[in-house]
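# A look at the structure
Next come the chains, spelled out residue by residue.
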Amino acid sequence: MLTKPEKVVVHPTVLLSVVDHFKRLSDKRVVGILLGSMQGQTLDVSNSFAVPFEEEDKNPDIWFLDHDYLENMYAMFKKVNAREKVVGWYHTGPKIHSNDISINEVLKRFVQNPVLVIIDAKPKDLGIPTDAFIAVEEIHDDGTPTSKTFENLPSEIGAEEPEEVGVEHLLRDIKDSTAGTLSQRIMSYSQSLEGAQLELEGITKYLEKVIQGKLPLNHQTIYTLQEINNLLPNVNVEEFAKTFTVKTNDQMLVMYLASMIRAIIALHSLINNKEANRNAELSEESNTDKADNKGTSGNAQKSDGQKEASDNSNTKESKDEK
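All of the points below concern the structure found in this document. (Residues numbered from 1 in each chain as written. Predicted model: local features only at pLDDT ≥ 70, side-chain atom pairs only at ≥ 80, totals over all residues. Heavy atoms only, no water.)

### Here's the deal with the pairing of strand β7 (residues 115-119)
Note the following rule: In this scheme, a residue with accessible area under 20% of its type's maximum is buried, one over 50% is exposed, and one in between is partly exposed, where area comes from a 1.4 Å probe on protein chains only. Helix numbers and strand numbers start at the N terminus; a helix is a DSSP run of H or I with at least 4 residues, a strand a run of E with at least 2. A strand pair is defined by DSSP finding two or more bridges across the two strands. Seen with its strands pointing away from the viewer, a crossover is right-handed when the path leading from the first strand over the helix to the second is clockwise.
Among the five residues of β7, five are classified as buried, and the element is accordingly described as predominantly covered. Burial of the side chains of β7 extends over both faces: Val 115, Val 117 and Ile 119 are buried on one face and Leu 116 and Ile 118 on the other. Where strand β6 (residues 85-91) meets β7, four bridges bridge the pair, whose relative direction is parallel. Across the sheet, the residue bridging to Tyr 90 is Val 117, located in β7. On the question of chirality, the crossover connecting β6 to the parallel β7 by way of helix α3 (residues 100-107) is right-handed. Here five bridges tie β7 to strand β8 (residues 130-138), and the two strands are oriented antiparallel to one another. Looking at the pairing, Val 117 lines up with Ala 132 of β8.

See the structure below:
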């Protein structure tokens, strides 16, 4: 018997299995079974497996879930780890469908209160890609019969040490090898800030709706927000402002010195390059002048020899005439 949990913890292996299932079926909605156990008031979802599922696009009331496959797979998983029970089911949504209540009723054959976890396999925003729900009876004020609806449960991603090591290696393998460490850190900071901004926008919208009376006041949520607000530093304190200014100035000084050193090294390299080019040009000019001088001296020697041969010929002719 599965009591109503206060929180649902989904392991990374479940997320990887769901994404693989989603990709293998050409990016259409897929359905599978969640395995895990209750740890106090927390539902720990540690494993999952896919189940053949088909539904009519035009008529969502027509759908098929392979019960025989589900029973056979659960029997095999039970032989491997008997502590993992069927705790619910998943689909890739990304939102609740009209036939989810009907599918949830079928899963009650295996667990009394199955938990539905919608896992967004193609998230567009930063944040946790899981939403957990449990079916409850909705009582109407007008006296009409009760109806089934889903109630949201808090969910988070949790992992044991071996899973953390595996996820870390997986992330290391899929990182862009062409990007430097600095660019990766900047990208990580940027994504963290975007996620924080989305959370703050959600808190702002919630408080606005509470003030307008559109949502009921939840004292536990307000207490949590007050604790978060108390943890924020008081920037109006003079000591904090002075410390922050000193830290910022130190960082700016390091950046200034690094820029100066880089500029000096660049100028030094430029001067060395120009000097090397000038020496190469001078060496080439000197080699050209030497070649020209050798050619001029050779021509002069050749003309002197021709002149001497001509004088000897003229002397011989004059002797013959005599």
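The structure having been displayed, the exposition proceeds.
### Side note on the nonpolar core
For the record, the criterion: For our purposes a nonpolar core is just a set of buried Ala, Val, Leu, Ile, Met, Phe, Trp, Tyr and Cys residues, chained together by side-chain atoms within 4.5 Å. Any pair of residues with heavy atoms lying within 4.5 Å of one another is described as a contacting pair.
Core analysis: the biggest nonpolar cluster contains 21 residues, and Ile 33, Phe 49, Leu 65, Trp 89 and Leu 107 have the highest contact counts within it. Ignoring anything within four residues of it in the chain, the contact list for Ile 33 reads Asn 47, Ser 48, Phe 49, Val 51, Leu 70, Val 86, Gly 88, Trp 89, Tyr 90 and Leu 107.

### Brief notes about the sheet that holds strand β2 (residues 31-39)
Selection criterion: Here an axis means a line fitted to C-alpha atoms, over the contact stretch when the element is a helix, while the angle between two N-to-C directions is reported on a 0 to 180 degree scale.
Taken together, eight strands build an open sheet; the order of strands is β9-β8-β7-β6-β2-β3-β1-β10 and the sheet is mixed. Of all the strands in the sheet, the pair left with one neighbour each is β9 (147-153) and β10 (155-157). Along the sheet, successive strands turn relative to each other by an average axial angle of 35 degrees, direction set aside. Contacts from helix α1 (residues 12-24) reach β1 (7-10), β2, β3 (42-51), β6, β7, β8 and β10, with the element oriented near 25 degrees to β3. With respect to the sheet, helix α2 (residues 67-80) is in contact with β2, β3 and β6, its orientation differing from that of β3 by roughly 125 degrees.

### Brief notes about unusual backbone geometry
Residue Pro 94 is bonded to the preceding Gly 93 through a cis peptide linkage, with omega at 10 degrees. Tracing the backbone through its elements, the reader meets Pro 94 in the loop between β6 and α3.

### Some remarks on a negative patch on the surface
To keep it simple, the criterion reads: Patches were defined on residues exceeding 30% relative accessible area and lacking a salt bridge, with like-charge contacts within 9 Å and nonpolar side-chain contacts (Val, Leu, Ile, Met, Phe, Trp, Tyr) within 5 Å. Only the protein chains shown count as cover for residues, with accessible areas throughout obtained via the Shrake-Rupley method and a probe of 1.4 Å. The rule for a salt bridge is simple: a side-chain nitrogen of Lys or Arg has to be within 4 Å of a carboxyl oxygen of Asp or Glu. In this charge count, Lys and Arg are treated as positive and Asp and Glu as negative; neither His nor the chain ends contribute. Here the site of a charge means atom NZ of a Lys, CZ of an Arg, CG of an Asp or CD of a Glu.
A contiguous patch of negative charge on the surface is contributed by Glu 281, Glu 284, Glu 285 and Asp 289. With respect to the element layout, Glu 281 can be found in helix α7 (residues 238-321).

### Details of the packing of aromatic side chains
This is how the line gets drawn: By convention, a stacked pair of Phe, Tyr or Trp rings (six-membered ring in the case of Trp) has centres within 6.5 Å and planes under 30 degrees apart, an edge-to-face pair has planes over 60 apart, and any other such pair is tilted.
For the coordinates displayed, the defined rule picks out four aromatic pairs. On the numbers, 5.1 Å between centres and 20 degrees between planes, the contact of Phe 49 with Phe 77 is stacked. With Phe 49 in strand β3 and Phe 77 in helix α2, the pair connects residues that are 28 residues apart, well separated along the chain.

### Topic: the environment of Val 10
Mapped onto the fold, Val 10 is located in strand β1. For Val 10, a relative accessible area of 2% translates into the label buried. Sequence separation of Val 10 and Asn 47 is 37 residues, and the distance between their C-alpha atoms is 8.7 Å. Each residue touching Val 10, except ones within four places of it in the same chain, is listed here: Leu 15, Val 45, Val 117, Thr 130, Glu 156, Ile 157 and Gly 158.

### Concerning the packing of helix α5 (residues 181-212) against helix α6 (residues 219-231)
Defined as follows: In these notes the angle categories are as follows: under 35 degrees is roughly parallel, over 145 is roughly antiparallel, 65 to 115 is roughly perpendicular, and the rest is oblique. Note on convention: the crossing is left-handed when the near helix lies turned anticlockwise from the far helix by less than a right angle, right-handed when the turn is clockwise. Classes in brief: Ala, Val, Leu, Ile, Met, Phe, Trp, Tyr, Cys and Pro nonpolar; Asp, Glu, Lys and Arg charged; the others, Gly included, polar.
For the pair α5 and α6, the least separation of the axes is 12 Å and the interaxial angle reads 135 degrees. As summarised for this structure, α5 and α6 are arranged oblique, according to the angle between their axes. Considering the relative orientation of α5 and α6, their crossing is left-handed. Each of Ile 203, Tyr 206 and Leu 207 in α5 lies in contact with α6, whose residues at this interface are Thr 221, Ile 222 and Leu 225. In terms of residue class, the contact of α5 with α6 is made up of five nonpolar, one polar and no charged.

### Here we look at α5
Spacing of three or four residues puts side chains on the same side of an α-helix, whose turn is 3.6 residues. How we decide: To estimate how far a helix should reach, multiply one less than its number of residues by 1.5 Å.
Between its first and last C-alpha, α5 extends 47 Å over 32 residues, near the 46 Å set by a 1.5 Å rise per residue. Here α5 has its buried residues at Gly 195, Tyr 206 and Val 210. In the core, the buried residues of α5 are packed alongside α6. Of the residues flanking the end of α5, it is Gly 213, one or two places downstream, whose phi is positive at about 85 degrees.

### Quick look at the pattern of salt bridges
One pass over the full model with this rule turns up nine salt bridges. Among the ionic pairs, Arg 29 bridges to Glu 55, the shortest N-O distance being 2.9 Å. Taken as a pair, Arg 29 in the loop between α1 and β2 and Glu 55 in strand β4 (residues 53-55) lie far apart in primary sequence, 26 residues in all. As a salt-bridge pair, Arg 29 and Asp 100 come within 3.2 Å of each other at their nearest N and O atoms. Here Asp 100 lies in helix α3 and Arg 29 lies in the loop between α1 and β2, a separation of 71 residues in the sequence. Across the pair, exposure class does not vary: Arg 29 and Asp 100 are buried alike. Taken together, the shared-partner salt bridges connect Arg 29, Glu 55 and Asp 100 into one network.

### Thoughts on the side chain of Asn 99
Rules: As used in this structure description, the phrase polar contact means that two N or O atoms lie within 3.5 Å; if the pair is within protein, one of them must be able to donate a hydrogen and the other to accept it, and residues adjacent in sequence are counted only when both atoms belong to side chains.
Relative to the elements of secondary structure, Asn 99 occurs in the loop between β6 and α3. Of the polar contacts made by the side chain of Asn 99, one reaches the backbone oxygen of Pro 60; its length is 2.9 Å. Apart from the residues lying within four places of it in its own chain, the contact partners of Asn 99 are Arg 29, Glu 55, Pro 60 and Trp 63.

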